[in-house]
Amino acid sequence: MEKTVVELFAGVGGFRIGLTNANSDWNFVMANQWEPGKKVQHAFDCYSKRFDKHSELEGKDSITELQLNTDISTVEAHEIPSHSLLVGGFPCQDYSVARTGATGLEGKKGVLWWEIYRIAKEKKPSFLLLENVDRLLKSPSKQRGRDFGVMLYSLYQLGYTVEWRIINAAEYGFAQRRRRVFIFAFKNDTNYSKTSNLTEEQDNLKDWLHTRGFFQNEFPIQNDYESKHKPVYDKTFLTEEIKDVADISDNFALSFRNSGVMHNGVIYTEETLPDYTGHQVTLGEILETGRVDDRYFLTPQQIEKFNYLKGPKRIERTSKEGFSYIFSEGGMTFPDDLSLPGRTMLTSEASVNRSTHVVSDKVTGKLRFLTPVEAERLNGFPDNWTDTGMPEKFRYFTMGNALVVHLIEKMGKTLNMIFEQE
Ligand SMILES: C[S@@+](CC[C@H](N)C(=O)[O-])C[C@H]1O[C@@H](n2cnc3c(N)ncnc32)[C@H](O)[C@@H]1O
């Protein structure tokens, strides 16, 4: 099988860097990235500069790469090249489905999961590797697990087996405490599936997660861990009441654990703990060691503001309905502890904001923001990756949207082995 990849919601190319680090023979046949409502498309500009299709594809016969800077919902399936692996990090939105009389079923407009579904349905890639925020498994709060159930059910209908795992990059030694759900799906007609010996039995599915599955290879888990949250084995998709995805959308709820697998409509999900005892990269280790520009240092006013923002507080507030209540939040370590991995980087990094990292500079000992290079290092991007002409604010923004590329590199190693069998 050709190692052809389509990268959706490509941002500044985290999936591509990770996969290419694992093996340089992946052919990226298409990338799509579009920041809604923005005239200047900083992430796309960075992507296309860094992956200059002309120079990179030189010598690779008959492979042409499409880089599209348009809303994915406007891209017709026939414009998308055939590919064996579809990758992308997409937002957690409302995946509910409504019945629409004669036309059948309809997901909400602008919900990007349905774009992935549409492309998977038309182009039938053998493998999908997707990333999302961990709360996807619990959404929405009024019907926990519905959205992920909708996703699993629609992939089941398309003939995929799905495995997922919430991974906190720091728990496997990397520099950032960033917790994301990774979703790996494979078509049931692949060699990988045929040789997987997967059945719908609970013990077999459990064994898959622990010893044979996609994630356990590079992300080992503790085998003797017994969580107080018991595993869930669920056959709802196979019950007679479920006729289509709208039934799932209306009725399905499940307490998804951080790891799981869905095979032939049967779900097994279990709370697992990482098993990692190697080196832990800390925030201190990724800081620049030389002098950094004065503009990153905090002014006395900013220090005062951060002291307040990061401090504990109890504030009386009034709700929209006119009720008064106490808003309270605990204090945060300020400045950030350099002997620990960094916290989760958000798109607002380096603005005066409670979640922004503030560090004690290695040379002067004074308090400062992270530099854009340090933000890149927190995600494992090469230094200055986003230094492609965008304002600094957007360098932080794109990193807040991106993923920890080391994780994709590890998954890429497993994918390389899988593709060798196809
Ligand atoms: C979570 S980020 C993915 C970042 C990427 N994995 C990286 O490493 O940089 C999602 C991306 O989807 C893009 N996006 C949002 N809506 C889109 C749409 N309708 N069409 C195409 N891209 C979209 C956003 O601009 C954002 O860059």
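Above: the structure in question.
This write-up is about the structure you can find in this document. Quantities reported herein were computed from a predicted structural model and do not represent experimental measurements.

Before going further, it helps to examine the packing of helix α1 (residues 14–22) against helix α13 (residues 405–421). In a packed pair of helices, the relevant descriptors are the angle between the two axes and the axis-to-axis distance. Interhelical geometry of α1 versus α13 gives an angle of 50° and a closest axis separation of 7 Å. Regarding the angle of α1 to α13, the classification is oblique. Considering how the two elements wind past one another, α1 and α13 form a crossing that is right-handed. The segment α1 lies against α13, with Gly14, Phe15, Ile17, Gly18, Leu19, Asn21 and Ala22 engaging Val405, Ile408, Glu409, Gly412, Lys413, Leu415 and Asn416.

In this section: the nonpolar core. With 69 residues, the main nonpolar core has Leu85, Phe184 and Met411 as its most contacted residues. Broken down by element, this core gets its largest block of residues, 7 residues, from α13. Both domain 1 (4–276 + 405–421) and domain 2 (283–391) contribute no fewer than three residues apiece to this core. Leu85 has contacts with Thr4, Val5, Val6, Leu19, Trp26, Pro125, Phe127, Leu128, Leu129, Leu415 and Phe419, leaving out every residue within four places of it along the chain.

Across a sheet, paired strands are connected by hydrogen bonds in the backbone, their directions being either parallel or antiparallel. Across the sheet, 10 strands lie side by side as β3-β2-β1-β4-β7-β9-β8-β11-β12-β10; this open sheet has mixed pairing. Of all the strands in the sheet, the pair left with one neighbour each is β3 (66–68) and β10 (232–234). In this sheet, neighbouring strand axes are inclined to one another by 15° on average, regardless of whether the strands run parallel or antiparallel. The strands touched by α1 are β1 (4–8), β2 (27–32), β3, β4 (85–89) and β7 (127–133); relative to β4, the strand with the most contacts, the crossing angle is about 130°. Helix α4 (residues 113–123) rests against β1, β4, β7 and β8 (160–168) of the sheet, and its axis sits at about 180° to β7.

Below, the discussion takes up the pairing of strand β13 (residues 313–318). Relative to strand β14 (residues 324–329), β13 is paired through 6 bridges, and the arrangement is antiparallel. For Ile315, the partnering residue across the bridge sits in β14 and is Phe327. Hairpin remark: β13 followed by β14, antiparallel, with 5 residues in the connecting loop; positive phi at Gly322, about 95°.

Our next topic: the site of the ligand. Taken together, 18 residues sit near the ligand, with Val12, Gln33, Trp34, Glu35 and Asp71 positioned nearest. In the environment of the ligand, an oxygen atom lies 2.9 Å from a nitrogen or oxygen atom belonging to the backbone of Gly14. For the ligand, a nitrogen atom lies 3.1 Å from a polar atom in the backbone of Trp34. A total of 600 Å² of accessible area belongs to the ligand in isolation, and the protein chains cover 90% of it. Counted by class, the shell around the ligand contains 9 nonpolar, 7 polar and 2 charged residues.

Our focus in this paragraph is the environment of Leu287. Secondary-structure assignment places Leu287 in the loop between α9 (283–286) and α10 (300–310). Between the C-alpha atoms of Leu287 and Lys362, which are 75 residues apart in sequence, the distance is 7.7 Å. Not counting chain neighbours up to four residues away, the residues in contact with Leu287 comprise Leu338, Val359, Ser360, Lys362, Arg368, Leu370, Glu374 and Arg377.

Turning our eyes to something else, we now look at α10. Listed in full, the buried residues belonging to α10 are Phe306, Leu309 and Lys310. Buried residues in α10, looked at end-on, bunch into an arc of 80°, giving them a common side. More than 90 degrees from the buried face of α10, the exposed residues found are Pro300, Gln301 and Glu304. Those residues of α10 hidden inside the fold are in contact with β13 and β14.

The description of an aromatic ring pair rests on the distance of the ring centres and on the angle between the ring planes. Within the structure shown, the criterion is met by 31 aromatic pairs. The interplanar angle of 40° and the centroid separation of 6.1 Å between the aromatic rings of Phe186 and Trp208 together place this pair among those described as tilted. One end of the pair, Phe186, is in strand β9 (residues 179–187); the other, Trp208, is in helix α7 (residues 202–212), with 22 residues separating them in the sequence. Arranged with centres 6.1 Å apart and planes meeting at 65°, the rings of Phe394 and Phe397 form a pair that is edge-to-face. In this pair, Phe394 and Phe397 both sit in helix α12 (residues 392–401), 3 residues apart, roughly one turn of the helix. The exposure class of Phe397 is partly exposed, given its relative accessible area of 26%. Taken together through their ring pairs, the aromatic side chains of Trp26, Phe127, Phe184, Phe186, Tyr192, Trp208, Phe214, Phe215 and Phe419 make up a single cluster. The ring of Trp26 is capped by Lys3, whose NZ or CZ atom sits 4.5 Å from the centre of that ring. The ring centre of Trp385 lies 5.4 Å from the NZ or CZ of Arg50, which sits over that ring.

Applying the stated criterion across every chain, the model contains 18 salt bridges. In this structure, the salt-bridge partner of Arg118 is Glu115, at a minimum N-O distance of 2.8 Å. Within this pair, Arg118 and its partner Glu115 are both found in helix α4, separated by 3 residues, close to a single helical turn. Overall, Glu115 belongs to the buried group, its relative accessible area being 12%. Between Lys313 and Glu329 there is a salt bridge, and its shortest N-O distance comes to 2.8 Å. With a gap of 16 residues between them, Lys313 in strand β13 and Glu329 in strand β14 connect regions that are remote in the sequence.

Reading guide: rules and limits
- Residues numbered from 1 in each chain as written.
- Predicted model: local features only at pLDDT ≥ 70, side-chain atom pairs only at ≥ 80, totals over all residues.
- Heavy atoms only, no water.
- Axes fitted to C-alpha atoms, helices over the stretch in contact; angles between N-to-C directions.
- Helix = DSSP H or I, 4+ residues; strand = E, 2+ residues; numbered from the N terminus.
- Parallel < 35°, antiparallel > 145°, perpendicular 65-115°, else oblique.
- Left-handed = near helix turned anticlockwise from the far one by under 90°.
- Contact = heavy atoms within 4.5 Å.
- Core = buried A, V, L, I, M, F, W, Y, C linked by side-chain atoms within 4.5 Å.
- Buried < 20%, exposed > 50% of the residue type's maximum accessible area, 1.4 Å probe, protein only.
- Domains from an automatic or database assignment.
- Pairing = 2+ DSSP bridges.
- Near = heavy atom within 4 Å.
- Polar contact = N/O pair within 3.5 Å; in protein donor to acceptor, adjacent residues only side chain to side chain.
- Areas by Shrake-Rupley, 256 points an atom, 1.4 Å probe, with all protein chains shown as cover.
- Nonpolar A, V, L, I, M, F, W, Y, C, P; charged D, E, K, R; others polar.
- Arc of directions from axis to C-beta.
- Phe/Tyr/Trp six-rings, centres within 6.5 Å; stacked < 30°, edge-to-face > 60°.
- Lys NZ or Arg CZ within 6 Å of the ring centre and 35° of its normal.
- Salt bridge = Lys/Arg side-chain N within 4 Å of Asp/Glu carboxyl O.

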